[in-house]
Amino acid sequence: MGSQNRGTAEQKAPNEQTSPRGQPAPDLARGRGGLARYVAAAALARTADGGAVVAIVLMVTTSGAPGWLAGVLGACITAPHLMGPLVARSLDSCRDGRVLIAWACIVHGATLAAAVLLYPVTWPALTGVLLVASGLVGPLLTGGISSRLPAIAGPDQVSQRRAQGWDVATYGIGGTIGPSVVAAVSAWAGPTAAALILAAGTFVAAAVVRLLPYAPPSSGAADVPKPVRTLQLMAVTGRLRRMLYLTISVAFSVAALPIAAVTSTSVFHVHPAAAGVLTAAYGLGGLAGSVGVMCRPLRGDADRLVTRLAGLVAAALAAAAFSGSFAPAVAAYGAAGVMNSYFFAATLAARSEFAPPQVRGQVFVWVGALKIAAGSAGTAAAGVVITGEPQIPLFLAAALILAAAGASVLDRRSTGALEAAR
């Protein structure tokens with residue numbers, strides 16, 4: 001009954017908007033304008049978030065500084081993303097989330113610009129502090145913006161899930177276009193100029209965020225749980241719990257793909273640079289998957305979809321591991337990208353449909369933070385276990401996802417049995 005009530009509230013929310021002054025607001029969410037502005041803002045913000053670390057590393061290395069300093073300063077802007085849940089509560093408690101996200105974009109851009117401009121003339125420690133400040137608001141540019149989507153996409157499930165395909169695409173754009181822009185501009189005008197262009201993009205994103213349809217807070221600030229309590233709520237809510245540990249398992253596992261791509265070129269007897277073809281196939285597959293979700297939105301229960309699509313990601317990883325030559329490996333990497341995008345869209349649906357309204361922003365950011373942590377751990381783990389056989393990490397990754405998917409099936413059955421007994 002509680003789930004049904006939440007679903008009804010979520011469906012009505014886009015149509016019951018009021019302006020911050022209490023006057024009825026025009027129903028912008030139902031038209032394409034709201035979604036178009038959302039996609040523009042999200043793509044700009046995530047392009048800056050995805051390209052910033054590349055710009056920082058290039059800036060430090062081209063200045064002649066040691067590689068360890070480049071790594072430390074790069075970590076200063078990425079590691080703070082893990083602190084996202086500590087700032088996410090304000091998304092659910094503030095009067096107008098658009099204002100908070102817009103200010104996050106401005107802070108991200110301003111601190112990034114200040115860091116790269118001051119780096120040549122001041123201590124690296126000051127640059128690091130500025131980059132930490134930039135990274136702390138990064139989660140509001142990723143999961144924070146995503147938490148606005150349910151109120152923009154429209155009340156019906158098809159509209160919501162088609163919009164989630166667009167959201168997945170903006171993540172793909174941020175992860176591919178951002179570094180590509182940095183590389184291109186750095187070759188032409190230097191990495192500092194590239195970072196300043198990214199910063200300018202966040203300022204534009206801030207302006208566009210303010211043009212998004214207004215969505216009133218679901219509850220008062222006093223009723224919004226604190227971050228640890230929200231995580232506990234996710235742990236005891238079956239559908240959110242399953243989405244969370246499957247997301248972590250998939251993020252941990254697909255992180256092995258770049259490592260396997262680099263080391264498998266010797267097995268395929270191709271030039272080491274061909275590893276870029278494999279990773280590009282994965283990226284292009286991800287974009288193709290997001291287009292697929294837009295054209296044909298996911299249907300059915302999001303809880304079951306997350307499990308099934310996790311299994312398909314595992315199948316693609318296994319296909320990559322079994323590939324005996326370069327061409328099948330390229331196809332398998334592409335398939336892994338497609339399936340991962342579909343899986344990601346399913347997790348967005350689960351967060352939107354199953355998270356209580358008063359903690360939806362925190363749920364989005366919590367999942368994003370744990371996903372980043374899992375991806376970093378997966379990359380490190382793949383580097384440790386890879387030895388003479390580059391396919392071992394992919395076999396282990398596929399096995400891990402299948403184990404998590406199997407656990408989710410048992411979890412769902414046991415939860416259903418308990419609910420039936422009550």
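For the structure given in this document, a descriptive report is provided here.

What counts, and where the lines are drawn
Residues numbered from 1 in each chain as written. Predicted model: local features only at pLDDT ≥ 70, side-chain atom pairs only at ≥ 80, totals over all residues. Heavy atoms only, no water. Helix = DSSP H or I, 4+ residues; strand = E, 2+ residues; numbered from the N terminus. Buried < 20%, exposed > 50% of the residue type's maximum accessible area, 1.4 Å probe, protein only. Contact = heavy atoms within 4.5 Å. Areas by Shrake-Rupley, 256 points an atom, 1.4 Å probe, with all protein chains shown as cover. Phe/Tyr/Trp six-rings, centres within 6.5 Å; stacked < 30°, edge-to-face > 60°. Lys NZ or Arg CZ within 6 Å of the ring centre and 35° of its normal. Salt bridge = Lys/Arg side-chain N within 4 Å of Asp/Glu carboxyl O. Core = buried A, V, L, I, M, F, W, Y, C linked by side-chain atoms within 4.5 Å. Axes fitted to C-alpha atoms, helices over the stretch in contact; angles between N-to-C directions. Parallel < 35°, antiparallel > 145°, perpendicular 65-115°, else oblique. Left-handed = near helix turned anticlockwise from the far one by under 90°. Nonpolar A, V, L, I, M, F, W, Y, C, P; charged D, E, K, R; others polar. Expected span 1.5 Å × (residues − 1).

## Details of the overall build of the protein chain
Scanning the protein chain from N- to C-terminus turns up 19 helices and zero strands. Residues classed as buried in the protein chain amount to 50% of the 422 residues present. Within the protein chain, contacts between residues separated by at least 24 positions form 84% of all contacts whose residues are at least 6 apart in sequence. Of the roughly 17600 Å² of accessible surface on the protein chain, 69% is carried by carbon and sulfur atoms.

## Concerning the packing of aromatic side chains
Applying the stated criterion across every chain yields a total of three aromatic pairs. Summarising the aromatic geometry, the rings of Tyr171 and Phe344 are spaced 5.0 Å apart at their centres and angled 70° between planes, so their arrangement reads as edge-to-face. With Tyr171 in helix α10 (residues 157–189) and Phe344 in helix α17 (residues 326–354), this pair connects stretches of sequence that are 173 residues apart. Taking the relative accessible area as the measure of exposure, Tyr171 reaches 23% and is therefore partly exposed. A relative accessible area of 10% means that Phe344 is categorised as buried. A cation over a ring is seen here: Lys371 above Phe344, with NZ or CZ 3.8 Å from the ring centre.

## Observations concerning the pattern of salt bridges
Under the definition given, this model contains eight salt bridges. Linking Asp96 and Arg210 is a salt bridge whose minimum nitrogen-to-oxygen distance equals 3.9 Å. You can see Asp96 sitting in the loop between α4 (84–93) and α5 (97–118) and its partner Arg210 sitting in the loop between α11 (191–209) and α12 (227–236), a full 114 residues away along the chain. Since its relative accessible area comes to 10%, Asp96 is described here as buried. The closest approach of N and O atoms between Glu353 and Arg161, which form a salt bridge, is 3.1 Å. Within this pair, whereas Glu353 is found in helix α17, its partner Arg161 is found in helix α10, the two being separated by 192 residues in sequence.

## What to know about the nonpolar core
Core analysis: the biggest nonpolar cluster contains 56 residues, and Val313, Leu317, Tyr333, Phe343 and Leu394 have the highest contact counts within it. Those elements giving two or more residues to this core turn out to be α13 (238–254), α14 (256–268), α15 (275–295), α16 (302–322), α17, α18 (360–385) and α19 (392–421). The biggest single contributor to this core is α17, with 14 residues. Residues in contact with Tyr333, not counting those within four places in the same chain, are Leu257, Ala260, Ala261, Leu278, Ala281, Tyr282, Ala320 and Leu394. Val39, Ala88, Val137 and Val208 belong to the second-largest nonpolar core, a separate cluster that totals 26 residues.

## Points about the packing of α10 against α11
Viewed as axis vectors pointing N to C, α10 and α11 meet at an angle of 135°, and their least axial separation amounts to 7 Å. As judged from the angle between their axes, α10 and α11 are oblique. The handedness of the crossing between α10 and α11 comes out as right-handed. The residues of α11 that touch α10, namely those facing Val182, Val185, Ser186 and Ala189, are Pro191, Ala193, Ala194, Ile197 and Leu198. Along the lines of polarity and charge, the residues of the contact of α10 with α11 split into eight nonpolar, one polar and no charged.

## A look at α13
Look at α13: 24 Å from first C-alpha to last across 17 residues, which is about the 24 Å you get at 1.5 Å a residue. Across the 17 residues that make up α13, a large majority, 12, are buried. Within α13, the full set of buried residues consists of Gly238, Leu240, Arg242, Met243, Leu244, Leu246, Thr247, Ser249, Val250, Ala251, Ser253 and Val254.

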